[in-house]
Amino acid sequence: MNADLHCHSTVSDGWLEPVEVVRRAKANGVDLLALTDHDELGGLALAAAAAAESGVGFVAGVEVSVSFAGETIHIVGLGIDPGNPDLIAGLRQVRAGRDARARRMSEALAAVGIAGALEGAHRFARNPALVSRAHFARHLVASGVMPDVRTVFDHYLVRGKPGFVEHEWASLEDAVGWIVGAGGIAVVAHPARYRLSAADMTRLLDRFVAAGGEAIEVVSGAHSDDEMRRFATVARQRGLLASRASDFHGEKESPVDLGRCNLLPSDLTPVWSRLI
């Protein structure tokens, strides 16, 4: 099955509207798609309707921002009930801090000579309630400050750089609890991206499983082949379900298109065995 269980639309920091995401997935031969916008459920109804019309299997999803060991960790929820009141309230709480963070980021960038960054970021954010680092990065690229989004992040928006702002997101236990309480499966997203020591990664996975988490992204658009093999081993050792995902945001920014990532190792249990 060509399953792609992590991607984004303009409801968070993707380039395509929810319906366009589904159409691209269909064109790329995706059989099962999950839309997983950051801390937002607003695109799910449109995407689900478009998937039903086009014959693409659809999974309601979300990607929740979590603070852990000084890093922002992302936990994907798959097969959630978008109407669950606790999930809705929890995500509203997570989003509430984004405006303040965006203002602080703009002030930090102004202090190093980049004025008007918040206004510029807003021009790239279709959802004004969710302005992210990606929107700031797109503005800096469009302004000619840096050649591409990855370079903006490396020079301005990661820890230790001028535009990085500390922010406290949800706790790991809260995020997993909201997902499981909404009938979903919690998945550790792109684990190779986190700058965690081996001890902290073990602690993350221990707490994740203890909270009710069941799956990990073995295949991700952000993972090299070696990283895929590493987290396939983690899935085997811990008995975790394995997910496959492009983490697609847009053609110009994503290393892997919808449905075009590597296949899961055949001995792993795919998370979609519990979703279809």
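Model, not experiment: these values are computed from the prediction. (Residues numbered from 1 in each chain as written. Predicted model: local features only at pLDDT ≥ 70, side-chain atom pairs only at ≥ 80, totals over all residues. Heavy atoms only, no water.)

Student: Give me helix 10 (residues 225-238): which residues, what numbers.
Tutor: Helical periodicity: at 3.6 residues per turn, an α-helix aligns residues three or four positions apart in one direction. Here helix 10 is 14 residues long and its end C-alpha atoms lie 20 Å apart, about the 20 Å a rise of 1.5 Å per residue gives. M228, F231, A232, V234 and A235 are the residues of helix 10 that are buried. On an axial view of helix 10, the arc spanned by its buried residues comes to 160°, and they lie on one face. For helix 10, exposure combined with an orientation more than 90 degrees from the buried face picks out D226 and Q237. (Helix = DSSP H or I, 4+ residues; strand = E, 2+ residues; numbered from the N terminus. Expected span 1.5 Å × (residues − 1). Buried < 20%, exposed > 50% of the residue type's maximum accessible area, 1.4 Å probe, protein only. Arc of directions from axis to C-beta.)

Student: Give me the nonpolar core: which residues, what numbers.
Tutor: One finds L5, L33, I75, I80, I216 and V218 to be the most contacted residues of the largest nonpolar core, which totals 71 residues. Broken down by element, this core gets its largest block of residues, 6 residues, from strand 3 (residues 57-68). When neighbours within four sequence positions are excluded, V218 is seen to be in contact with H223, M228, F231, A232, A235, A242, S243, L264, P265 and L268. The next biggest cluster of nonpolar side chains, apart from the first, holds 20 residues, and it includes A102, L118, M146 and L157. (Core = buried A, V, L, I, M, F, W, Y, C linked by side-chain atoms within 4.5 Å. Contact = heavy atoms within 4.5 Å.)

Student: Please set out the side chain of D247 residue by residue, giving values where relevant.
Tutor: The topology assignment puts D247 in the segment after strand 7 (241-245). Residue D247 is classed as buried on the basis of its relative accessible area, which comes to 9%. Residue contacts for D247: discarding those within four places in its chain leaves D4, H6, C7, H8, H190, R193 and S254.

Student: I'd love a proper account of the sheet that holds strand 1 (residues 3-4), names of residues and values included.
Tutor: Taken in spatial order, the 7 strands make up an open sheet running 1-2-3-4-5-6-7, and their pairing is mixed. With partners counted over all chains shown, the strands left at the sheet margins are strand 1 and strand 7, one partner each. Here strand 2 (residues 32-35) runs beside strand 3; their pairing, made up of 4 bridges, is parallel. What sits directly across from L32, in strand 3, is G57. (Pairing = 2+ DSSP bridges.)

Student: An account of the side chain of E217 is requested, with residue identities and associated values reported.
Tutor: Checked against the element boundaries, E217 lands in strand 6 (residues 215-220). Of the buried charged residues, E217 lacks a salt bridge, with R193 as the closest side chain of opposite charge at 7.7 Å. Side-chain polar atoms of E217 contact the side chain of H6, separated by 2.7 Å. (Lys, Arg positive; Asp, Glu negative; His and termini not counted. Salt bridge = Lys/Arg side-chain N within 4 Å of Asp/Glu carboxyl O. Polar contact = N/O pair within 3.5 Å; in protein donor to acceptor, adjacent residues only side chain to side chain.)

Student: Any details on the state of the cysteines? Residues and values, ideally.
Tutor: In the structure shown here, the tally under the stated rule is 0 disulfides. Cysteine C7 is unpaired, with the sulfur of C261 as its nearest cysteine sulfur at 11 Å. By relative accessible area, C261 is classed as buried at 8%. (Disulfide = S-S within 2.5 Å.)

Student: Can you break down the domain arrangement of the chain residue by residue, with the values?
Tutor: We note that the domain assignment places domain 1 (3-91 + 171-274) and domain 2 (96-155) within the chain. In this structure, domain 1 and domain 2 have C-alpha centres spaced 25 Å apart. Contact residues are listed per partner, giving 13 residues for domain 1 and 10 residues for domain 2. For the pair domain 1 and domain 2, the summed buried surface comes to about 890 Å²; carbon and sulfur atoms form 44% of the total. Of all residues in domain 1, D13, W15 and E253 give up the largest surface area on contact with domain 2, accounting jointly for 42% of the area buried on that side. Where domain 1 meets domain 2, there are 3 salt bridges. (Domains from an automatic or database assignment. Buried area = accessible area lost by both parts, 1.4 Å probe.)

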